[in-house]
Structures are given as structure tokens and as C-alpha cells.
Amino acid sequence: MSFLEVRDLSLRIKGEQTRLLRSVSLSVSVGEVRGLVGESGAGKSMIGKAVLGILPRAVEVAGGEIWLDGQNLLALPVAQRRRVIGAKAALIPQDPLTALNPSRRIGPQITDRLVDILGWARNRAEARALELLEEVQIADPARVMRSYPHELSGGMRQRILIASAFAAEPKLIVADEPTTALDVTVQKQILRLIKGMQERHGTALLFVTHDLGVVSKVCQTISVLYAGLMVEDSATAAFYAGPRHAYSRALLAATPKYTDPLGSLTPVPEAVIAAVRAEVAAADGGWHG
Amino acid sequence: MADVMDGRGAVRRKGGLRLWLSACWLAVVVVVALLAPWVAPHDPLAQDLFLGRMPPVWMQGAEPGYYLGTDSLGRDVLSRMIHGARIALAVALFAGVITALLGASLGLLAGFMRGWVDLVISRLIDIWMAFPPVLFSILLIAVLGPGLSSIIIAIVVIDWTRFARVVRAEAMAQGAMDYVQSARVAGRGRLGIMLVEVLPNVLPTVIVLLTLEMGIAVIVEAILSFVNLSISTDDPTWGGMISEGRASIHQAWWVLVFPLATLFLTVLAFSQLGEGLKDRFDPVLR
């Protein structure tokens, strides 16, 4: 069994019938990086949020199971689920500007969870934080620990968030578009950093993104979502050699080419969208939540 | 390779003139109020009918030693203002702090917990705000009876909504930030997130509101004194002095003007102190 297994997960807005996620299944093993791609609104972030137990309050699970390290999260009492997730999983958030508390120093923001929640000694947690900040290539970590977030640049803040995510040695990390808020040159550094950290620490990584270029560099497996329906689940190499699903093919063809910067962009053809929508409707027809 | 520490940490905002001016004025008022029995040149209650309506020292016909003149009963205006500052500041401090604690706690709960907690507190705020505040306070004092504690209770009961509304909105905005989400993933409970993560971010707002509230409390006390609903008429208050001075405005303007000016300056200083502190401590503005 993989470290993370999502089985037939369906989500919906409370009190409504339409599903946001339509019986999605995926798995991530230790050491594996899975890319989760799709248009905005396809539900890719929702999967990550469901796994980490941070769904918006208006969204509820309408069916399915989430297994983390052999435990069925949705069957656990809330407090216990929170402890399991806190010990075994972590989040690298999207926007480094709002993901650090503006009125607290960096040091405690990294060490607090180790001390308060996992019961580490304070000096051990601080040593660990320093070591991690060095690992994410921050110069003068001791000084950064004493800084407030507004004193640091966006790239540095994202490095701190990455360090913080790895602090408790979680076996699963959900990265929710971790490079979207950064400029292109910094993006590349951050991607390389996440990939390197993931390899050294041997974590499972669920990488949510809408950037197929990023997926090709970082991920071993790739899942494509359309309107909450998973239309493709392939190894990355196979995906780029020839996607199985017509929608994935169209999505790949729509990616801008660096070799042809002036070429016009190819939209996903109407016929492909109609076909994938028919699949979505068929999936809904067979579902009784 | 690694990006170095950039210059953002070196940026320091200037405190500004208004912060210093308002802080100085309030410091003077506080010191004078604390040392009232020693700095007041006369007994604020001592009447001398032979010395009624004496003008301030720089005017013709002034009585030496009565720097800001006397009222119609021959009491020293300066001494009465100095003793009045004690009551004004006591009301500002106690009413302000209690209002802030009550209102901010309820606002924080409503804005962060949401759900039915928010529903109950928000409806309560809406209903509360439908009462006309001045009439409400007069009614309250009528029920509680005059006195320092009644004024403080009246201010707290009426003004907590001011804090609750603003802090609720602020807590809601903070609750939507990613750092709150990260804390949830890490396994912190809701109460812990509210107190450790969200509270420090709404504190600057609370402090600004608190200074404004202190100014408002001084005014409310003056209003209640003006309509004779404050503490016993024996004790000198700024509002009471303004009320008494109004009767003899044509013969002795100083009885009205000096307490009024002091009241004005003090309230202005409170609000400017709040603005200045906001510039200084708000992490978003830094």
C-alpha cells in the first residue's frame, strides 16, 4: 500500500448535489513525486486540502476514503486525525507573502510546531530549524530566525516555508502551486530546491500545479483533472511521449513553446471539451451519493 | 546562490511629530492629575464669594495666585481643572480598557470561530447598535444612579460594539490567511490558533481603537457631567465646569473656555496618539 491513497474521493458544497471532485483515486508512495494538473477550478487544490484536513468550511466529503500511512483519515475522530496529519504530513503553501504570520518572528514560527505539538525540547527544535535554514541555502540563518517576515524577500520567505514543511520529517508533503507567486528566475531555484529536499529526505510529494513545464522537471507520475474528474494517470515519461486521454493531449498541445515564442497559442478544441464533459456527465449519472 | 538579507529590515519609520506632541500633552495631563493635591494652587472646592468671577492673571483686575481666574462662587478654575483631570483620566483608562477587553474578545471569537458563534454575536451587535447611544447612557445612569463606576459601566455597555465590529472584520481577514491554514495542518487547535496566530495581528488595531475610545470616554464623561448625570456635583469635572461656565459666559468666559480647550486638546491627543501608534506598530504598514 502506498503512503497516501485516495480512493473514490468525492467532494461537494454542503447542501448541493453537484460534486467538486468526482470519485478521484490516486496514490503517492514514499519517494514519489506526483504532479496534479488541471485548469483552474478543476479541483486539484481541493485534493490537497482534503488530504490535509483543511477543506473550506462550505465543502464536505461526499464519499470515498483517504488512507495516510495505513490509517483511514476520514474514519478517525477529528482530534486524532489532526494529530496524525500533523505528524506525518505538511504543506508548502502557494503564497509566501501570506503564509508566514506577519507579527511573529521566523524562528518561533518554525519551532513552535515541533515544541508545542510534537513535544521536542526547545533547543533541539532551534538547532533543527537552523540546520534546515542552512539546507535551503539561507545565508546567516541565526539572523533570519530573529527577523520578521516583512524584512525578507518573497524568495527567502518561500525557502523558509519549505524548511518549515520539512521540519518534522513528514513522510508526505503537499505543495500547492509553490512557485506560482514567484517570478520566473526564482521559480527555477525554488523548484530545484524542493526537488533536492524531497530526494534527500525521501518524502512523498503531491505537487499541485497548472504548469506542465514544471511537472516534466519534477514529477515521476502525473494526474490530470478536468472538472473534478481524473482523466489521466500516467508516468511522466509516458505522458510526454503520448498522453492516453484526448483532453491531456490537447492540454499538452496548448502549452506555449519556448522554441516558438511568437507562435499563436492553441486552445483546447471545442470537440475535446464536449467529449470530456460528456464523460463528466456519465460519471455523475452512475453516482449515488 | 542564496539570496542575501535584503534592505527591508533596515527600514524604520519615523515616529512623527504628532505622535510626540500628543504623547507629551497626555504625559503632562497624567502627571498633573497624579500630583493634583500638590500642584493645584488652591483647594478646588474652596469658595470665596468675595473673589467671584476674577479674570485670569494677565487681565485687568485679576487676583494674584488665581492664574486662570475664578468662577462665580470664587473657586479657582485652574485647581478645579487639575482635579477634573483625575476623573477624566480615570474614566478614560478604566472605561477604555474594559470596553476594549470585552469588545475585542467578542469580536475575535465571532470573526475567527464563525458559524453560530458569529451569528449570535453579530445579531447582538446589530440589535445593540439600534439603541440611540446618548439616550441609552442617560437611561443607564438613571437606573444605576450617578457615580464614577456608573459612568464607566455605561461607556462599556454602549461602546463595546465599536471594538467588536472592527476586530471581527480583522479576525475574519486574518483567518483567511495561509499561515492560519499552515497552523491547522501542523495540528494546532482552534483556540491555540486564535490566541497565538491571530491575536497578535489584531492587537495593533485594538490599540488604535483603545486610544480613540479613551478620547470618546473623556467626551462621554463630559457630556454626562454637562447634563448633571455624572458624579456628585461637588467633585470638579471638566464637563461640569463647562456646564456651570455656560451660565456666566458673558461675564466670565474663562470658566467655560479653559476646561473646554483642555477637553478638546486631550481628546485630540488621544486620537492622534492612536494614529501615530498605528503607523509605528502595524506590521502591514511597515
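Residues numbered from 1 in each chain as written. Chains lettered and ligands numbered in written order. Predicted model: local features only at pLDDT ≥ 70, side-chain atom pairs only at ≥ 80, totals over all residues. Heavy atoms only, no water.

> Please clarify how the sheet that holds strand β5 (residues 71–72) of chain A should be interpreted in this entry.
Strand pairing within a sheet occurs via backbone hydrogen bonds; the two strands may be parallel or antiparallel. Residue and element names in this part refer to chain A. Overall, antiparallel pairing links the four strands, which are arranged β2-β1-β4-β5 in an open sheet. The outermost strands of the open sheet, each flanked by one partner alone, are β2 (19–28) and β5. Here strand β1 (residues 4–13) runs beside β2; their pairing, made up of six bridges, is antiparallel. Across the sheet, the residue bridging to Glu5 is Ser27, located in β2. Taken strand by strand, helix α1 (residues 44–52) contacts β1, β2 and β4 (59–68), and its axis lies near 110° from that of β1. (Pairing = 2+ DSSP bridges. Helix = DSSP H or I, 4+ residues; strand = E, 2+ residues; numbered from the N terminus. Contact = heavy atoms within 4.5 Å. Axes fitted to C-alpha atoms, helices over the stretch in contact; angles between N-to-C directions.)

> How do you make sense of the pairing of strand β10 (residues 229–235) of chain A when you look at a structure like this?
Looking down a regular strand, the side chains alternate between one sheet face and the other. Residues and elements named next belong to chain A. Among the seven residues of β10, five are classified as buried, and the element is accordingly described as predominantly covered. One ladder, built from six bridges, connects strand β9 (residues 221–226) with β10; its direction is antiparallel. Considered in β10, the bridge of Thr221 is made with Ala235. Count of turn residues in the β9/β10 antiparallel hairpin: two residues, of which Ala227 carries a positive phi of about 45°. (Buried < 20%, exposed > 50% of the residue type's maximum accessible area, 1.4 Å probe, protein only.)

> Sorry, what's going on with unusual backbone geometry here?
Outside of glycine, negative phi angles account for most residues, and trans bonds account for most peptide bonds. All names here are of chain A. With a phi close to 50°, Asp69 is a non-glycine residue in the positive phi region. With respect to the helices and strands, the residue Asp69 is situated in the loop between β4 and β5. Backbone geometry at Asp140 places phi at a positive 60°, although glycine is not the residue there. Secondary-structure assignment places Asp140 in the loop between α4 (122–135) and α5 (141–145).

> Sorry if this is basic, but what is going on with the environment of Arg124(A) here?
Among the secondary structure elements, Arg124(A) is positioned in helix α4. In the structure, Arg124(A) is positioned eleven residues away from Arg113(A) in sequence and 13 Å away in space, judged by C-alpha atoms.

> Help me out: how do you make sense of the sheet that holds β10(A) in this one?
Residue and element names in this part refer to chain A. The strand order β6-β7-β8-β3-β9-β10 describes an open sheet built from six strands, whose pairing is mixed. Each edge of the open sheet carries a strand with a single partner, namely β6 (89–92) and β10. In this sheet, neighbouring strand axes are inclined to one another by 15° on average, regardless of whether the strands run parallel or antiparallel. When strand β3 (residues 33–38) meets β9, the two strands line up parallel, connected through five bridges.

> What's the story with the pairing of β9(A) in this structure? I'm lost.
Judged by how many residues are buried, β9(A) sits mostly within the fold: six of six residues are covered. On β9(A), burial covers both faces: Thr221(A), Ser223(A) and Leu225(A) on one face and Ile222(A), Val224(A) and Tyr226(A) on the other are all buried.

> What exactly am I supposed to notice about the environment of Ala75(A) here?
All names here are of chain A. Among the secondary structure elements, Ala75 is positioned in the loop between β5 and α2 (78–88). Under the relative-accessibility criterion, Ala75 is labelled exposed at 59%. Separated by 40 residues in the primary sequence, Ala75 and Val115 have C-alpha atoms spaced 28 Å apart.

> Mind showing me how you'd approach helix α4 (residues 115–129) of chain B here?
Think of an α-helix as 3.6 residues a turn; residues three or four steps apart then line up on the same face. Residues and elements named next belong to chain B. Taking 1.5 Å of rise per residue, 15 residues should cover 21 Å, and α4 covers 21 Å from first to last C-alpha, within 8% of that figure. By the burial criterion, the buried members of α4 are Val117, Asp118, Ile121, Ser122 and Ile125. Projected down its long axis, α4 carries its buried residues within an arc of 115°, all on one side. The outward face of α4, more than 90 degrees from its buried face, is lined by the exposed residues Trp116, Leu119 and Ile127. Lining the buried residues of α4 we find α3 (77–113) and α6 (148–175). (Expected span 1.5 Å × (residues − 1). Arc of directions from axis to C-beta.)

> Just checking my understanding: could you explain the environment of Leu191(A) for this structure?
Residue and element names in this part refer to chain A. Within the fold, Leu191 resides in helix α7 (residues 184–201). When its relative accessible area of 8% is taken as the criterion, Leu191 is described as buried. Sequence separation between Leu191 and Gly107 is 84 residues; the distance between their C-alpha atoms is 23 Å. In this structure Leu191 touches Thr179, Phe207, Val214 and Val218, once residues within four positions along its chain are discounted.

> Help me out: how do you make sense of empty space enclosed by the protein in this one?
Vacant regions in the atomic arrangement are exposed by a probe of water-molecule size rolled over the atoms. Inspection of the entire model under this criterion finds three cavities of 30 Å³ or more. By volume, the largest cavity amounts to about 250 Å³. Every residue lining the largest cavity is counted, 20 residues in all, and those nearest its centre are Gln109(A), Arg113(A), Ser164(A), Ser182(B) and Ala183(B). If one sorts the elements of the lining of the largest cavity by residue count, helix α3 (residues 106–117) of chain A sits on top with five residues. For the lining of the largest cavity, the class distribution of residues is twelve nonpolar, three polar and five charged. (1 Å grid on protein atoms, 1.4 Å probe; cavity = no way out; pocket = protein on both sides within 12 Å on 5 of 7 lines; lining within 4 Å. Points joined across faces, edges and corners; volume = space filled by probe spheres on them. Nonpolar A, V, L, I, M, F, W, Y, C, P; charged D, E, K, R; others polar.)

> What exactly am I supposed to notice about the packing of aromatic side chains here?
A ring pair, where both rings are aromatic, is described by two values, the distance of the centres and the angle of the planes. Taken as a whole, this structure holds eight aromatic pairs over all chains when the rule is applied. Aromatic pair Tyr226(A) and Tyr247(A): ring centres 4.9 Å apart, planes at 65°, arrangement edge-to-face. Here the residue Tyr226(A) occupies a position in strand β9, and Tyr247(A) occupies one in helix α10 (residues 246–253), the gap between them amounting to 21 residues. Summarising the burial analysis for this pair, Tyr226(A) and Tyr247(A) share the class buried. On the numbers, 4.8 Å between centres and 25° between planes, the contact of Phe131(B) with Phe136(B) is stacked. (Phe/Tyr/Trp six-rings, centres within 6.5 Å; stacked < 30°, edge-to-face > 60°.)

> Would you take a moment to explain the interface of chain A and chain B for this structure?
Often, the extent of an interface is quoted as the loss of accessible area on bringing the components together. Contacts between the two partners involve 40 residues from chain A and, on the opposite side, 29 residues from chain B. Here chain A and chain B share an interface that buries about 3000 Å² over both sides, 52% of which is from carbon and sulfur atoms. At the surface where chain A touches chain B, the tally comes to three salt bridges. In this structure, the salt-bridge partner of Arg188(B) is Asp116(A), at a minimum N-O distance of 3.0 Å. Taken together, chain A and chain B are joined by nine residue pairs in polar contact (both at pLDDT 80 or more). Mapped onto the side of chain A that touches chain B, the elements with two or more residues apiece are α1, α2, β6, α3, α5 and α6 (154–166) of chain A. Residues that form the side of chain A that touches chain B fall into these classes: 17 nonpolar, eleven polar and twelve charged. (Buried area = accessible area lost by both parts, 1.4 Å probe. Salt bridge = Lys/Arg side-chain N within 4 Å of Asp/Glu carboxyl O. Polar contact = N/O pair within 3.5 Å; in protein donor to acceptor, adjacent residues only side chain to side chain.)

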